[in-house]
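A look at the structure
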Amino acid sequence: HRGVVTIPVVVHVVHNPTNPEQNIDDRQIHSQIDVLNLDYRAANPDVSQVPEVWRPLVADTQIEFRLATQDPLGNPTDGIIRVETGREFFPAVDDSVSPPVRDPVKASATGGADPWPTDQYLNMWVCQLGDGLLGYAQFPGGPPQTDGVVILNSAFGNTGTAAFPFDGGRTATHEIGHWLDLFHIWGDDDGACSNDDRVSDTPNQADANRGVPAFPHITCDNGPNGDMFMNYMDYVDDRAMFMFTVGQKERMDACLEGARAAFLV
Ligand code: ARG
Ligand code: ZN
Ligand code: CA
């Protein structure tokens, strides 16, 4: 009904000069935008691997992403900001200091980069993360100064330093799903089957799947088809995830008509 929504993106590459590979090149950044535009339009070639039973549920979200062409002052930009840091890596919360610093990568005062206005741009920070983390996101409705997604440099895009098995650009697909109000497909209930993702067309499933699972994988009495582990909101390897559902699109639409309505203009 609403047609295609295009989200302007700014990518902040925060890198330590002693590790030049952290300063990923433009080509790798463009490859990430390309992946997002395939995945969110259900134009990704691997969508053909969706099991027959779930093909009718595959959604073209009608959301596209474009590197910003105007900065907040209206000047031309390529949508890529490069910032040097003295930090070796960025924890989601730095509790080596008191009081702990949340999201150090998201502010220049803490060795990161300040966001562009978060009601006009999707801010993506690309950096060295800690604790084996591939990325994390802020849900809609949170503090504006930390709104956006953070992605590990070697899990960004599908070329350059992108490293197997997270070299398909799907970490950003997943994290932007959270930014658009999607929960994990298993409902984050540690196998209890008691909570779900608030989406009716995704089967209730027990816990996260990893690697490249074999279909079907049955949990929470969800047979015969089992978990929809090939959904972007599971934790499988990049080559094993390739769909959003119609129900997930509805949640993203509600987000774009609500908390993130500024992007609809
Ligand atoms: N926040 C999740 C993590 O750090 C992201 C998982 C993304 N999965 C993927 N196949 N790229 O583990
Ligand atoms: Zn997640
Ligand atoms: Ca569900």
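Position numbers for residues start from 1 in each chain and track the written sequence from start to end. Throughout, the order in which chains and ligands are written sets their labels, letters from A for the former and numbers from 1 for the latter. Thresholds applied to this predicted model are a pLDDT of at least 70 for local features of residues and 80 or more for the giving and counting of side-chain atom pairs; totals over whole chains, interfaces and linings are not thresholded and use all residues.

1. Side note on the overall build of the protein chain
We count a stretch as a helix when DSSP gives it H or I for four or more residues in a row; a strand needs E for two or more, and each element gets its number in order from the N terminus. When its secondary structure is counted, the protein chain shows three helices and eight strands. Shown N-terminal to C-terminal, the secondary structure of the protein chain runs as helices and strands in the order β-α-β-β-β-β-β-β-β-α-α. Taking 265 residues into account, the globule formula puts the C-alpha radius of gyration at 18 Å, and the protein chain, at 18 Å, falls close to it. Structurally, the protein chain occupies a C-alpha span of about 50 × 40 × 35 Å along its principal axes. For the exposure call, what matters is how many other C-beta atoms sit within 10 Å of a residue's own: 20 or more marks it buried, 12 or fewer exposed, and in between partly exposed, using C-beta atoms placed from the backbone. For the protein chain, the residues scored as buried account for 41% of the 265 residues in total. In the protein chain, 64% of the contacts between residues at least 6 apart in sequence involve partners at least 24 apart. Note on method: radius of gyration uses C-alpha positions; expected globular size equals 2.2 Å times residues raised to 0.38. Whether two residues are in contact depends on their C-beta atoms, placed from the backbone: they are in contact if these lie within 7 Å.

2. A closer look at the pairing of strand β6 (residues 122-127)
The buried fraction of β6 amounts to six of the six residues, a majority that puts the element mostly inside the structure. Side-chain alternation along β6 places L122, M124 and V126 on one buried face and N123, W125 and C127 on a second face that is also buried. Paired strands, as defined in this entry, are two strands with at least two bridges between them according to DSSP. Where strand β1 (residues 5-15) lies against β6, five bridges are found, and the strand directions are parallel. The residue bridging V10 from the neighbouring strand is N123, located in β6. Where β6 and strand β8 (residues 149-152) come together, four bridges link them in parallel fashion. Bridge assignment links C127 to a residue of β8, and that residue is L152.

3. Overview of the UniProt feature "domain: Peptidase M43 pregnancy-associated plasma-A" (unreviewed entry) in the protein chain
UniProt positions are given in the numbering used here, feature names are shortened, and annotations may be inferred rather than shown by experiment. Following the UniProt record, the feature "domain: Peptidase M43 pregnancy-associated plasma-A" (unreviewed entry) maps to residues 114-257 here. As a span, residues 114-257 carries 15% helix and 9% strand, and end to end its C-alpha atoms are 26 Å apart.

4. So, the site of ligand 1
Every one of the 13 residues lining ligand 1 counts as a neighbour, but L133, L134, R170, T171 and H174 are closest to it. Looking at the shell around ligand 1, the element that brings in the most residues is helix α2 (residues 170-179), giving three residues. Throughout, the ten residues Ala, Val, Leu, Ile, Met, Phe, Trp, Tyr, Cys and Pro are labelled nonpolar, Asp, Glu, Lys and Arg are labelled charged, and all others, Gly among them, are labelled polar. Looking at the shell around ligand 1, its residues break down into seven nonpolar, three polar and three charged. Near residues are defined by distance alone, with the backbone-placed C-beta atom required to lie within 6 Å of the molecule or strand.

5. Describing the pairing of β8
Where burial is concerned, the two faces of β8 agree: the one with V149 and I151 and the one with V150 and L152 are both buried. Strand direction decides the pairing type here: strand β7 (residues 135-137) and β8, joined by three bridges, are antiparallel. Looking at β8, one finds that G135 is bridged to I151.

6. Concerning the environment of W186
Tracing the backbone through its elements, the reader meets W186 in the loop between α2 and α3 (246-257). Placed 45 residues apart in sequence, W186 and G141 show a C-alpha to C-alpha distance of 22 Å. Beyond its immediate chain neighbours, meaning those up to four positions away, W186 contacts Q205, A206, D207 and A208.

7. Looking at α2
Of all 10 residues in α2, nine are buried; the element is thus mostly enclosed. Every buried residue of α2 is listed here: R170, T171, A172, T173, H174, E175, I176, G177 and W179. For α2, the elements touching its buried residues are α1 (26-39), β6, β7 and β8. Two residues or fewer after α2 comes D181, characterised by a positive phi angle close to 85°.

8. Structural notes on the environment of F139
Locating F139 in the fold gives a position in the loop between β7 and β8. F139 has contacts with H178 and D181, leaving out every residue within four places of it along the chain.

9. Examining the environment of I218
Here I218 lies in the loop between α2 and α3. The spatial distance from the C-alpha of I218 to the C-alpha of A43 is 28 Å, given a sequence separation of 175 residues.

10. Concerning the nonpolar core
V9, M124, V126 and I151 are the most contacted members of the largest nonpolar core, which has 55 residues in total. At the level of secondary structure, the elements contributing two or more residues to this core comprise β1, α1, β2 (63-67), β6, β8, α2 and α3. Considering each element in turn, this core owes the most residues, six residues, to β1. When neighbours within four sequence positions are excluded, V9 is seen to be in contact with I33, F65, R66, L67, A68, G79, Y121, L122 and M124. By definition, a nonpolar core groups buried Ala, Val, Leu, Ile, Met, Phe, Trp, Tyr and Cys residues that are joined through C-beta atoms within 7 Å.

11. Quick notes on the packing of α1 against α2
Axis geometry follows a simple rule: fit a line to the C-alpha atoms, using only the stretch in contact for helices, then measure angles between N-to-C directions, giving values from 0 to 180 degrees. Their axes nearest at 9 Å, the elements α1 and α2 cross at an angle of 60°. Judged by the inter-axis angle, α1 sits oblique to α2. Here the hand of the crossing between α1 and α2 comes out right-handed. Between α1, through Q32, V35, L36 and D39, and α2, the contact on the second element is made entirely by A172, T173 and I176. Angles are sorted into four bins: roughly parallel if under 35 degrees, roughly antiparallel if over 145, roughly perpendicular if 65 to 115, and oblique for all others. Crossing handedness is defined as follows: a turn of the near helix away from the far one that is anticlockwise and smaller than a right angle gives a left-handed crossing, while the clockwise case is right-handed.

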